[in-house]
Amino acid sequence: MSKPKESVLKILKLKQIRRKNLEKNLLDVQLKGQDHYVFIKENGKAQVVYKDGEWIAEHIRTAILKFNYEVDKIDKLFIRDFTDDELNEYEKIS
């Protein structure tokens, strides 16, 4: 069985870095101090968990929609689409 090409491994790792950074931004910046639980599902998308009958604040709803949109884009990315910070993070860990 042949080994995957280095470029394939690189793009997979960069996608993992992008997902991690998106999650960190959502949880540590966008939703900091909000009184709701956020659950990251198996497919990497976020879901808000809240008490029955309570409305989700518009800010939370918008942050979740933007996060899930960015997660959907990850699988379509090429190496050229990643930021310099993400590429530098890859270089540090490889």
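Computed from a predicted structure; not experimentally measured. Along every chain, residues carry numbers that run from 1 in the direction the sequence is written. Side-chain atom pairs in this predicted model are given and counted only at pLDDT of 80 or more, local residue features only at pLDDT of at least 70, and totals for whole chains, interfaces and linings cover all residues. Only heavy atoms go into the side-chain values, all of them from the structure, while hydrogens and water stay out.

S.K.: How would you summarise the layout of surface pockets if you had to cite specific residues and measurements?
M.R.: Summary: where empty space remains is shown by rolling a probe the size of a single water molecule over the atoms. Think of a 1 Å grid over just the protein atoms. A cavity is a set of points where a 1.4 Å probe fits yet cannot get out, a pocket is an open set with protein on both sides within 12 Å along at least five of seven lines, and lining residues have an atom within 4 Å of a point. Grid points are joined across faces, edges and corners, and a volume is the space filled by probe spheres set on the points. Empty space within the largest pocket amounts to approximately 150 Å³. Along its surface, the largest pocket is lined by Leu22, Asn25, Leu26, Gln30, His59, Thr62, Ala63, Lys66, Phe67 and Glu70. We count a stretch as a helix when DSSP gives it H or I for four or more residues in a row; a strand needs E for two or more, and each element gets its number in order from the N terminus. Only helix H1 (6–30) and helix H2 (58–74) provide two or more residues apiece to the lining of the largest pocket. Taken together, the residues that form the lining of the largest pocket break down as four nonpolar, four polar and two charged. The nonpolar class holds Ala, Val, Leu, Ile, Met, Phe, Trp, Tyr, Cys and Pro. Asp, Glu, Lys and Arg form the charged class, and all remaining residues, Gly among them, are polar.

S.K.: Lay out the side chain of Arg18 with the relevant residues and their values.
M.R.: Tracing the backbone through its elements, the reader meets Arg18 in helix H1. Of note is the side chain of Arg18, whose polar atom sits 2.5 Å from the side chain of Glu86. Setting aside chain neighbours within four positions, we find Arg18 in contact with Ile74, Leu77, Asp81, Phe82, Thr83 and Glu86. Within 3.5 Å is the distance limit for a polar contact, defined as a pair of N or O atoms, with the added protein rule that one can donate a hydrogen and the other accept it, and that residues adjacent in sequence qualify only through two side-chain atoms. The contact criterion used throughout is that any non-hydrogen atoms of two residues lie within 4.5 Å.

S.K.: Before we move on, can you summarise H2 with the specific residues and values?
M.R.: One fewer than the residue count of a helix, multiplied by 1.5 Å, yields its expected span. Given a rise of 1.5 Å per residue, 17 residues ought to cover 24 Å, and the 25 Å separating the end C-alpha atoms of H2 matches this to within 8%. Of all the residues in H2, the buried ones are Ile60, Ala63, Ile64, Phe67, Asn68, Val71 and Ile74. One side of H2 carries all its buried residues, which in axial view fall inside an arc of 130°. When the buried face of H2 is taken as reference, the exposed residues oriented beyond 90 degrees from it are Glu58, Lys66 and Tyr69. For every residue, the accessible area (1.4 Å probe, protein chains only) is compared with the maximum for its type, and the residue is labelled buried under 20%, exposed over 50%, or partly exposed between those bounds. Each C-beta atom gives one direction from the helix axis, and the arc is the one those directions make.

S.K.: Account for the nonpolar core, naming residues and giving values.
M.R.: Of all hydrophobic cores here, the largest spans 17 residues; its most connected members are Leu26, Leu31, Ile64 and Phe67. If one sorts the elements of this core by residue count, H2 sits on top with six residues. With residues up to four places along the chain from it excluded, the contact list for Leu26 reads Leu31, Val38, Ala46, Ala63, Ile64 and Phe67. Among buried residues, those of type Ala, Val, Leu, Ile, Met, Phe, Trp, Tyr and Cys that are joined through side-chain atoms within 4.5 Å constitute a nonpolar core.

S.K.: Could you give an account of the packing of H1 against H2, naming the residues involved and the relevant values?
M.R.: The contact between H1 and H2 brings their axes to 10 Å, and the two run at 175°. The angle between the axes of H1 and H2 places the two elements in the roughly antiparallel class. Between H1 and H2, the contacting residues are Lys15, Arg18, Arg19, Leu22, Glu23, Leu26 and Gln30 on the first element and His59, Ala63, Ile64, Phe67, Glu70, Val71 and Ile74 on the second. Taken together, the residues of the contact of H1 with H2 sort by class into seven nonpolar, two polar and five charged. Angular values range over 0 to 180 degrees, each being the angle between N-to-C directions of two axes fitted as lines to C-alpha atoms, with helices fitted over their stretch in contact. Roughly parallel refers to an angle under 35 degrees, roughly antiparallel to one over 145, roughly perpendicular to one between 65 and 115, and oblique to any angle outside these ranges.

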